[in-house]
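Descriptive analysis of the structure
The primary structure of each chain is shown beneath.
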Amino acid sequence: MTEPEELHPDDVQHHLREVQDLLARQKVVEGLVHRQDMPRHELVETLVHKQHEAGLRTKLDSLHPADIAYILEALPREERLYVWDLVKAERDGEILLEVSDAVRESLIETMAPEELKAAAESLDADELADLAPDLPPEVIQDVFQSLDTEGREQLRAAMSYPEDSVGALMDFDMVTVREDVSLEVVLRYLRRFDELPDHTDKLFVVDREDHLKGILTLESLLINDPELEVADVMRSETVISFTPEDEADEAAQAFERYDLVSAPVVDGEKRVIGRLTVADVVDYIREESEAEILSHAGLREEEDIFASVWSSVKNRWAWLAINLVTAFIASRVIGAFEGSIEKLVALAALMPIVAGIGGNSGNQTITMIVRAIAMGQVEQSAMNRLLKKELGVALFNGLVWGSLLGVLAWWLYGNVELGMVMTAAMTLNLLLAASAGVLIPMIRIRLGADPALGSSVMITALTDSGGFFIFLGLATIFLL
């Protein structure tokens, strides 16, 4: 009896290195063969090439689609497309779902319409809805026509909901039972399945019109007397369900709060139309986290690290242009105090400290506020309370760390007044950073914009210009 293969999170890195080694070895060996002058040179070269391809195919066939997706994302474009061609066609759909949007676009560009149609037809309706925005319209139309009536309705429903709603995340693969049958009947019914839908921890109890009556957990099904009816052991109270219009963020919080594995999705008449699973929620949380990280840096979308120069430029130029404007403003603020800096050179050495500490403090505040907004913990009515709290934190930090820097400035330059100006400037800039850290995301929420988008760019610009102005202004007034 063979031992089951153990999987470890680090295995994917091992698989990546193996594929990279195979690709590198193939280039070296085929390069040597190509340079040799021997009989039947082309035949030998072809045999060597096929041997390496067979090795790569064998390796890829043994990997999970998610691992292949990871490997494709980590390879330069030329090697990525070569490896993609070696993947079995029946696995294309699963892998396209797993790769990032940017890499998926590069793979789809190389596929013929027939290949895309075959890949799409291998997916369930909810999975196809995720892939549909990246497919050519004619391919989607062909796939739609090839579906049965139920599949068309499911695909149409899945594509009709907003991207950040429960309807866009739900799947239609679920098990429902009636409340008036015995547990023995349910067990016999389940044995007819080749396999249960992924993440099935409960069965949904419905009536003849598919109205949700309760849930039957697998635990209750297994430990109770098979002669009992479903109605006797099902849970009909405190059943957590969602509607397709519910926000995905709220559903994710419910899954975390109540440790859910799956939950029914019902329409306005309480009919079960799908289910939401922890896998869908985890994927959504990961995508939202990645989008938030990119938004903080002012990037509009996920970028393929091996994309062309022009593609990367288009994704980055907008906020770089804004950065250029804010940097120019900061330089003009410094320029306005050139005379003061000429008279007291110490100002040039100390002013980056004021601006840098202010930027760090502002980013801390804005990160906490954006996270609280994402978790649903902050409403517009709480803005004044949050502002007071963050101003209190900034005042304390400003006085403590500002005093420390003031003492250091006094010790370095032998000027008590300069130390006092340093303390005051640090405190005022931290108060400015705290105010901006609260107001920027809250105002963007009120305007219907993403609170995270470019937040670090804006807070850094404000604390740089504000810090320079405050420090140099106070120095000009009190020292010169």
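Thresholds, definitions, all that
Residues numbered from 1 in each chain as written. Predicted model: local features only at pLDDT ≥ 70, side-chain atom pairs only at ≥ 80, totals over all residues. Heavy atoms only, no water. Helix = DSSP H or I, 4+ residues; strand = E, 2+ residues; numbered from the N terminus. Buried < 20%, exposed > 50% of the residue type's maximum accessible area, 1.4 Å probe, protein only. Contact = heavy atoms within 4.5 Å. Areas by Shrake-Rupley, 256 points an atom, 1.4 Å probe, with all protein chains shown as cover. Phe/Tyr/Trp six-rings, centres within 6.5 Å; stacked < 30°, edge-to-face > 60°. Expected span 1.5 Å × (residues − 1). Polar contact = N/O pair within 3.5 Å; in protein donor to acceptor, adjacent residues only side chain to side chain. Pairing = 2+ DSSP bridges. Axes fitted to C-alpha atoms, helices over the stretch in contact; angles between N-to-C directions. Core = buried A, V, L, I, M, F, W, Y, C linked by side-chain atoms within 4.5 Å. UniProt positions renumbered as here; feature names shortened; annotations may be inferred. Salt bridge = Lys/Arg side-chain N within 4 Å of Asp/Glu carboxyl O. Patch = residues over 30% accessible without salt bridge, like charges linked within 9 Å, V, L, I, M, F, W, Y side chains within 5 Å. Lys, Arg positive; Asp, Glu negative; His and termini not counted. Charge placed at Lys NZ, Arg CZ, Asp CG, Glu CD. Parallel < 35°, antiparallel > 145°, perpendicular 65-115°, else oblique. Left-handed = near helix turned anticlockwise from the far one by under 90°. Nonpolar A, V, L, I, M, F, W, Y, C, P; charged D, E, K, R; others polar. pLDDT = per-residue confidence, 0-100.

Here we come to the overall build of the protein. Along the backbone of the protein there are 22 helices and 5 strands. Burial statistics for the protein: of 480 residues in total, 43% are counted as buried. Look at the contacts in the protein between residues 6 or more apart in sequence, and 67% of them connect residues 24 or more apart. Total accessible area on the protein stands at roughly 27200 Å², and carbon and sulfur atoms take up 56% of it.

In this description, an aromatic ring pair is defined by two values, namely the gap between the centres and the angle between the planes. The full count for this structure, using the stated rule, is 3 aromatic pairs. Geometrically, the ring pair formed by F242 and F255 is stacked, given 6.1 Å between the ring centres and 20 degrees between the ring planes. Placement of F242 in the loop between α14 (230–233) and α15 (248–258) and of F255 in helix α15 is noted, with a sequence separation of 13 residues between them. The exposure class assigned to F255 is buried, which follows from its relative accessible area of 5%. Measuring from centroid to centroid gives 6.1 Å for F337 and F469, while their planes differ by 65 degrees, and the two rings are edge-to-face. Here F337, found in the loop between α17 (309–335) and α18 (338–343), pairs with F469, found in helix α22 (residues 455–479); they are 132 residues apart in sequence, far enough to count as distant. By relative accessible area, which is 13% here, F337 ends up buried. Owing to a relative accessible area of 52%, F469 belongs among the exposed residues under this scheme.

Turning our attention to helix α21 (residues 416–446). Between its first and last C-alpha, α21 extends 45 Å over 31 residues, near the 45 Å set by a 1.5 Å rise per residue. Between the side-chain oxygen of the N-cap and the backbone nitrogen of E417 there are 3.0 Å, and the N-cap of α21 in question is N415.

Another point: the pairing of strand β3 (residues 212–217). For β3, the buried fraction is high: 5 of the 6 residues fall into the buried class. Where strand β2 (residues 202–206) and β3 come together, 5 bridges link them in antiparallel fashion. Directly across from V205, in β3, lies its bridge partner G214. Counted between consecutive antiparallel strands, the loop separating β2 from β3 contains 5 residues, among which D210 sits at a positive phi close to 70 degrees.

Taken in spatial order, the 3 strands of this open sheet run β1-β2-β3, and their pairing is mixed. Edge positions in the sheet fall to β1 (176–178) and β3, since each of these pairs with one other strand and no more. Put simply, the sheet's adjacent strands are angled 35 degrees from each other on average, direction ignored. Its contacts with the sheet put helix α12 (residues 183–191) on β1, β2 and β3, and the angle it makes with β1 is roughly 150 degrees.

A word on the nonpolar core. Core analysis: the largest hydrophobic core is formed by 56 residues, its most contacted members being L135, F242 and L276. It is α15 that provides the largest number of residues to this core, a total of 5 residues. Counting 27 residues, the second largest nonpolar core, distinct from the first, contains L347, L350, L430 and F471.

Right, let's get into the environment of L147. Relative to the helices and strands, L147 is located in the loop between α9 (137–146) and α10 (149–160). Taking relative accessible area as the criterion, L147 reaches 24% and is therefore assigned partly exposed. Filtering out sequence-adjacent residues up to four positions away, L147 remains in contact with L128, R152 and L155.

Right, let's talk about unusual backbone geometry for a bit. Positive phi, close to 70 degrees, is recorded for D210, a residue that is not glycine. Along the chain, D210 turns up in the loop between β2 and β3. Unusually for a residue other than glycine, K270 sits at a positive phi of about 65 degrees.

Next up on the list: the UniProt feature "transmembrane region" (unreviewed entry) in the protein. In the numbering used here, UniProt assigns the feature "transmembrane region" (unreviewed entry) to residues 391–413, 419–440 and 452–479. Counted over residues 391–413, helix gives 100% and strand 0%. Its end C-alpha atoms are 31 Å apart. Helix makes up 100% of residues 419–440 and strand 0%, with an end-to-end C-alpha separation of 31 Å.

So, on to the pattern of salt bridges. Within the structure shown, the criterion is met by 13 salt bridges. For E184, the salt bridge identified is with R188, shortest N-O distance 3.8 Å. Here E184 pairs with R188, and both are found in helix α12, just 4 residues apart, close to one helical turn. On the basis of relative accessibility, which here comes to 46%, the residue R188 falls in the partly exposed class.

All right, on to a negative patch on the surface then. Among the surface-exposed residues, E94, E98, D130, E163, D164, E247, D249, E250, D283, E287, E288 and D450 lie close enough to one another that they form a single negatively charged patch. Where the negative patch is concerned, the elements lending two or more residues are α5 (92–98), α15 and α16 (278–296). The leading source of residues in the negative patch is α16, at 3 residues. Following the sequence through the fold, E287 ends up in helix α16.

One can describe the packing of helix α20 (residues 383–413) onto α21 by two numbers: an axis separation of 7 Å at closest approach and a directional angle of 155 degrees. With respect to α21, the element α20 is oriented roughly antiparallel. Where α20 crosses over α21, the handedness of that crossing is right-handed. Here the residues of the contact of α20 with α21 sort into 21 nonpolar, 9 polar and 2 charged.

With respect to the helices and strands, the residue R80 is situated in helix α4 (residues 77–86). In this structure the side chain of R80 is engaged in a polar contact, spanning 3.4 Å, whose partner is the side chain of S106.

Looking now at the confidence of the model for the protein. For the protein, per-residue confidence averages 84 on the pLDDT scale, and 87% of positions sit at 70 or higher. Considering only residues more than four positions removed or in separate chains, one finds that residues 1–6, a stretch of pLDDT under 50, has 1 contact.

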